[in-house]
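Chain residues, written in single-letter form:
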Amino acid sequence: MIIEKISLHYFRNYEELFLQPHEGINIFFGKNGSGKTNLLEAVHYCSLGKSHRISQDQNAVMIGKKGASCSLTIKGSSVKNEIEIRLQPGVETVKTVWINQKKIGRLSEMMGILRCVIFSPEDLNLIKEGPAVRRKFLDMMISQISRSYFIALQQYRIAYNQRNAILRQARLENRRPDSMIADFEKEMAEYGQAIYRERKKITDLISEKGNEIYRKISGRETENLSIAYHPSYSWDDETESMEKLLEKNRDDDLRQGTASVGPHRDDLLLSLNHKSMKLYASQGQMRTAALSLKLAQMDIFQHITGEYPVLLLDDVLSELDLDRRMNLLKMIEGVQTFITCSDEGDLADYHNYRTYQVQSVQEKGKMTMTKAGVEMKTPVLHEPDFS
Ligand SMILES: Nc1ncnc2c1ncn2[C@@H]1O[C@H](COP(=O)(O)OP(=O)(O)O)[C@@H](O)[C@H]1O
Ligand SMILES: [Mg+2]
């Protein structure tokens with residue numbers, strides 16, 4: 001899929017921006033803080049309905065403004081769609097999503113319209129940090145190819161929170177938990193199993209494809225990357241159902257403040273030549289592994305849907321040596337890519353791309369973008385109504 005148009009209005013430091021990106025590689029370069037990542041964030045918003053950073057919706061609205069919008073026109077293999085996100089801060093930020101000018105009722109309806117893969121320096125955390133980062137990676141990936149997965153995640157989370165609330169209340173009042181707890185445990189088991197099955201299936205694909213890509217980027221045939229899904233409950237061993245286990249664990253779970261089993265406790269184990277990467281891998285190996293996971297995600301999307309996603313590479317080129325950088329650029333030929341870097345020179349001898357200079361014009365409090373040295377006009381596609 002290809003993004004044909006991007007239009008931002010009071011989004012972060014963009015007062016207004018209108019951009020028709022190239023079908024291939026688009027390079028955005030400019031000083032720190034000029035708005036490069038903000039642009040990728042806007043694309044991410046239109047893909048998954050939220051930021052890729054740890055950030056509240058209200059922070060995406062330009063300071064002092066009543067609302068923000070980002071809208072994209074996306075050309076898929078057979079259809080064209082327009083997605084628009086509007087944010088209006090208040091006591092709670094109101095977020096609405098519009099597909100082809102119609103407001104949608106559920107976030108799940110936007111999943112899969114724009115599939116994107118984002119890779120940034122923080123993705124090193126996929127290897128270094130705790131399991132939550134890896135679960136988020138899987139969830140964001142699978143949600144883009146399966147709306148039912150996204151819904152299962154939402155339902156699981158609701159049931160999980162309700163069960164916790166019942167347990168807390170029972171402790172507060174020093175009594176047995178409300179009998180309704182059994183219904184929520186049943187739902188946790190049902191949706192939990194659906195989540196596990198999808199995650200396991202995708203992990204096996206990522207492991208196979210990721211290893212192939214790792215070897216290509218690193219040029220090392222002797223290094224084997226493997227990724228395994230580690231569930232906190234063994235679904236394939238039916239001796240005790242998850243529902244029964246949750247019932248049995250109520251007291252312990254109350255003490256811990258969380259259910260001890262379920263997809264919210266699962267993890268991915270990454271190893272290189274059968275050794276845990278978290279414990280043994282070098283920084284460079286971790287970086288290559290993280291990139292391999294993301295490129296595997298891109299290939300799997302293509303394999304499953306018949307279309308490449310849009311690739312967003314945030315500040316990662318300068319961290320790769322020249323060989324790896326060139327290997328990467330070869331691999332993404334034919335994929336619409338947005339690359340941000342501080343220096344155009346990061347692209348070295350690679351010629352097949354279009355550059356944009358991102359500049360913040362401080363005195364006007366406005367940001368501009370120039371394409372091949374020419375300042376771009378910045379009208380909006382639809383004037384949003386924030387009254
Ligand atoms: N809500 C906002 N309103 C106005 N400016 C913002 C807002 N959020 C972030 N910024 C500005 O955006 C800039 C950071 O943009 P970013 O895209 O992360 O930069 P970079 O080009 O380094 O990737 C900072 O100058 C910051 O002050
Ligand atoms: Mg940045």
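Small disclaimer: the values here were computed from a predicted structure and weren't measured.

Q: So what exactly am I meant to see when it comes to the pattern of salt bridges here?
A: For side chains bearing opposite charge, pairing can occur when the charged atoms are close. Scanning the model with the defined rule gives 25 salt bridges in all. Across the salt bridge formed by D204 and K200, the nearest N and O atoms sit 3.0 Å from each other. Here K200 and D204 lie together in helix α5 (residues 181-218), a separation of four residues that amounts to about one turn. Looking at D204, the relative accessible area reads 39%, which means it is partly exposed. We classify K200 as partly exposed; its relative accessible area is 29%. Several salt bridges converge on common partners, so that one network encompasses R163, E185, R250 and D253.

Q: Help me understand the site of ligand 1 in this model?
A: Not every one of the 15 residues close to ligand 1 is listed here, only the nearest: G33, K36, T37, N38 and V61. The separation between an oxygen atom of ligand 1 and a polar side-chain atom of T37 is 2.7 Å. A distance of 2.8 Å separates a nitrogen atom of ligand 1 from a polar atom in the backbone of V61. Expressed as a share of its isolated accessible area of 580 Å², the protein-covered part of ligand 1 is 71%. Split by residue class, the shell around ligand 1 holds three nonpolar, eight polar and four charged.

Q: Looking at this structure, how should I read the layout of surface pockets?
A: A probe matching the size of a water molecule, rolled over the atoms, marks out where space remains unfilled. Considered as a void within the structure, the largest pocket measures approximately 600 Å³ in volume. In terms of lining residues, the largest pocket is bounded by 23 residues, among which K50, D139, L153, Q154 and R157 are the most central. Elements with a contribution of two residues or more to the lining of the largest pocket: α3 (131-143), α4 (147-172) and α5. Counting residues per element, the lining of the largest pocket draws most heavily on α4, which supplies six residues. In terms of residue class, the lining of the largest pocket is built from 10 nonpolar, five polar and eight charged. Split by domain, the lining of the largest pocket shows at least three residues from each of two domains, domain 1 (1-115 + 307-387) and domain 2 (126-306). Taken together, 21 residues line the second largest pocket, and the ones lying closest to its centre are H52, D123, V133, K136 and M140.

Rules and cut-offs
- Residues numbered from 1 in each chain as written.
- Chains lettered and ligands numbered in written order.
- Predicted model: local features only at pLDDT ≥ 70, side-chain atom pairs only at ≥ 80, totals over all residues.
- Heavy atoms only, no water.
- Salt bridge = Lys/Arg side-chain N within 4 Å of Asp/Glu carboxyl O.
- Helix = DSSP H or I, 4+ residues; strand = E, 2+ residues; numbered from the N terminus.
- Buried < 20%, exposed > 50% of the residue type's maximum accessible area, 1.4 Å probe, protein only.
- Near = heavy atom within 4 Å.
- Polar contact = N/O pair within 3.5 Å; in protein donor to acceptor, adjacent residues only side chain to side chain.
- Areas by Shrake-Rupley, 256 points an atom, 1.4 Å probe, with all protein chains shown as cover.
- Nonpolar A, V, L, I, M, F, W, Y, C, P; charged D, E, K, R; others polar.
- 1 Å grid on protein atoms, 1.4 Å probe; cavity = no way out; pocket = protein on both sides within 12 Å on 5 of 7 lines; lining within 4 Å.
- Points joined across faces, edges and corners; volume = space filled by probe spheres on them.
- Domains from an automatic or database assignment.

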